[in-house]
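Commentary on secondary and tertiary structure
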Amino acid sequence: MKLLERTLAVDPRRSVGTVWAYPESQSAPVPAALVLAHGAGAGMDHEFVCYFHEHLCRAGFLTVKFNFPYKQDGRKAPDRGPVLEAAYRRVLSELHAHRPAPGRVLIGGKSMGGRIASYLAAAGDPLDGVFFLGYPLHPPRRPAQIRSSHFPEIRCPALFVQGSRDALCDLELLREALPSIPGPVQLHVVEGGDHSFSVPKKSGRSRDEVRREVLDVLTGWAGKAGRS
C-alpha cells in the first residue's frame, strides 16, 4: 500500500487535506475508487476512518480520505451544508481527473460524511454508488426530524450499514424510507451495534470481528456497484 498526502484548495480561503491510499499493484487502472468522509466529531485521522481507509485499499481499491474544512482548521463545529458539500465535490472532482482513471467511483463515509455524500448523489453528481457507515437518519431521541426527503433523487446504488442500537437511526423508520430510493439499495444490520458499530461485551464479539463483518459487506458491495 502506498500513501500520498495532498492538499486541495476548495476556494481562495479554504483547503482540505487528503490521503490517497494506492493498492500495491498499480500497473493497471484500479477497478473502483472510494472516497471515505469522516463524521462530525472526529477528522480523517480517527481510528475508525483509518481502519476502513487502510483495509479497503488492501482489498484492491484506490481509497481517499479527507478532512472537511472545519477539521482542517482545527475547529469543532461543522461547517454549514454548502461548505461541506463543496469540499466533498472538490475531492470528487480531483478523483475524476486522476490518471489512470478508476473504473468506477463510489463515495460515502461515517455518519455526517455519508449524509453529505448522499446529497451529492441526490444532486446527480457523477458517481457509481454511495455508501453509509451509520446513516444519521435523525438527531438522537428526535425521530420526527427525519433526513430522508432527498432519498427519491438518489438513483445510483446505495449501501446502508446500520447498527441495530443506533440512537441516530430508528431501523423501522429507515426501512420505511428506503423504498423511496429509485436505485438499487442494500441494507446490512450489525446486530447489537451502536452508531459506531460497537457491540455489548456480552455479545461475545470483538471490535475487530464486527469491523471485519462491515468490511466484508462493503468490499462485496463495492466490487459490484455501478457495473453495467
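A brief look at the structure comes next.

Conventions and cut-offs
- Residues numbered from 1 in each chain as written.
- Predicted model: local features only at pLDDT ≥ 70, side-chain atom pairs only at ≥ 80, totals over all residues.
- Heavy atoms only, no water.
- Helix = DSSP H or I, 4+ residues; strand = E, 2+ residues; numbered from the N terminus.
- Rg over C-alpha atoms; globule rule 2.2 N^0.38 Å.
- Buried < 20%, exposed > 50% of the residue type's maximum accessible area, 1.4 Å probe, protein only.
- Lys, Arg positive; Asp, Glu negative; His and termini not counted.
- Charge placed at Lys NZ, Arg CZ, Asp CG, Glu CD.
- Pairing = 2+ DSSP bridges.
- Right-handed = clockwise from strand over helix to strand, strands pointing away.
- Phe/Tyr/Trp six-rings, centres within 6.5 Å; stacked < 30°, edge-to-face > 60°.
- Lys NZ or Arg CZ within 6 Å of the ring centre and 35° of its normal.
- Contact = heavy atoms within 4.5 Å.
- Polar contact = N/O pair within 3.5 Å; in protein donor to acceptor, adjacent residues only side chain to side chain.
- Expected span 1.5 Å × (residues − 1).
- Core = buried A, V, L, I, M, F, W, Y, C linked by side-chain atoms within 4.5 Å.

As for the overall build of the protein chain
A tally of helices and strands in the protein chain yields six helices and eight strands. Ordered by position from N to C terminus, the α and β elements of the protein chain give β-β-β-α-β-α-α-β-α-β-β-α-β-α. Here the C-alpha atoms of the protein chain give a radius of gyration of 17 Å, agreeing with the 17 Å that 2.2 N^0.38 yields for 228 residues. Principal axes of the C-alpha set define a box for the protein chain whose edges measure 45 × 35 × 35 Å. The proportion of buried residues among the 228 residues of the protein chain is 53%. In the protein chain, 30 side chains carry a positive charge and 23 a negative one; their mean positions are 3 Å apart.

Points about the pairing of strand β5 (residues 105-110)
Taken across its six residues, β5 has six buried, putting it largely inside the fold. Inspection of the sheet shows strand β3 (residues 33-37) paired to β5 by five bridges, in the parallel sense. Residue alanine 37 lies in a different strand from β5, and its bridge partner there is glycine 109. By the bridge criterion, five bridges tie β5 to strand β6 (residues 129-133) in an arrangement that is parallel. What sits directly across from isoleucine 107, in β6, is valine 130. Crossover handedness for the path β5 to helix α4 (residues 112-122) to β6: right-handed.

So, the packing of aromatic side chains
Summed over the entire model, instances satisfying the criterion amount to twelve aromatic pairs. Members of the aromatic cluster, connected to one another through ring pairs, are Phe48, Tyr51, Phe52 and Phe197. The lysine or arginine in question, arginine 6, covers the ring of tryptophan 20, its NZ or CZ lying 4.9 Å from the ring centre. Just above the ring of tyrosine 51 sits the side chain of arginine 211; from NZ or CZ to the centre is 5.5 Å.

As for the environment of glutamate 47
Here glutamate 47 lies in helix α1 (residues 47-58). The spatial distance from the C-alpha of glutamate 47 to the C-alpha of glycine 17 is 17 Å, given a sequence separation of 30 residues. If sequence neighbours within four positions are ignored, glutamate 47 has contacts with Arg207 and Arg211. Within the structure, the side chain of glutamate 47 is placed 3.4 Å from the side chain of arginine 207, a separation counted as a polar contact. Here the side chain of glutamate 47 touches arginine 211 through a polar contact of 2.7 Å, side chain to side chain.

Side note on α1
With twelve residues, α1 should reach 16 Å at 1.5 Å per residue; the first-to-last C-alpha distance of 16 Å fits that figure. Residues of α1 that are buried: Phe48, Val49, Tyr51, Phe52, His53, Leu56 and Cys57. At the exit of α1 stands glycine 60, carrying a positive phi of roughly 110°.

What to know about the nonpolar core
In terms of nonpolar packing, the biggest core is built from 44 residues, with Phe68, Tyr88, Ile107, Val130, Phe151 and Phe160 touching the most fellow members. Apart from the residues lying within four places of it in its own chain, the contact partners of isoleucine 107 are Val35, Tyr88, Leu92, Ala117, Leu120, Leu127, Gly129, Val130 and Phe131.

Description of unusual backbone geometry
Proline 100 follows arginine 99 through a cis peptide bond whose omega is 5°. Residue placement: proline 100 occurs in the loop between α3 (81-96) and β5. Despite not being glycine, serine 111 shows a phi value in the positive range, around 50°. Even without glycine at this site, phenylalanine 197 takes up a positive phi of about 70°. With respect to the helices, strands and loops of the structure, phenylalanine 197 is situated in the loop between β8 (185-190) and α6 (207-222).

Observations concerning α3
When the terminal C-alpha atoms of α3 are compared, their 22 Å separation across 16 residues agrees well with the 22 Å that a helix rising 1.5 Å per residue should span. Taken together, the buried positions of α3 are Val83, Leu84, Glu85, Ala87, Tyr88, Val91, Leu92, Glu94 and Leu95.

Any link to function would need more than the numbers given here.
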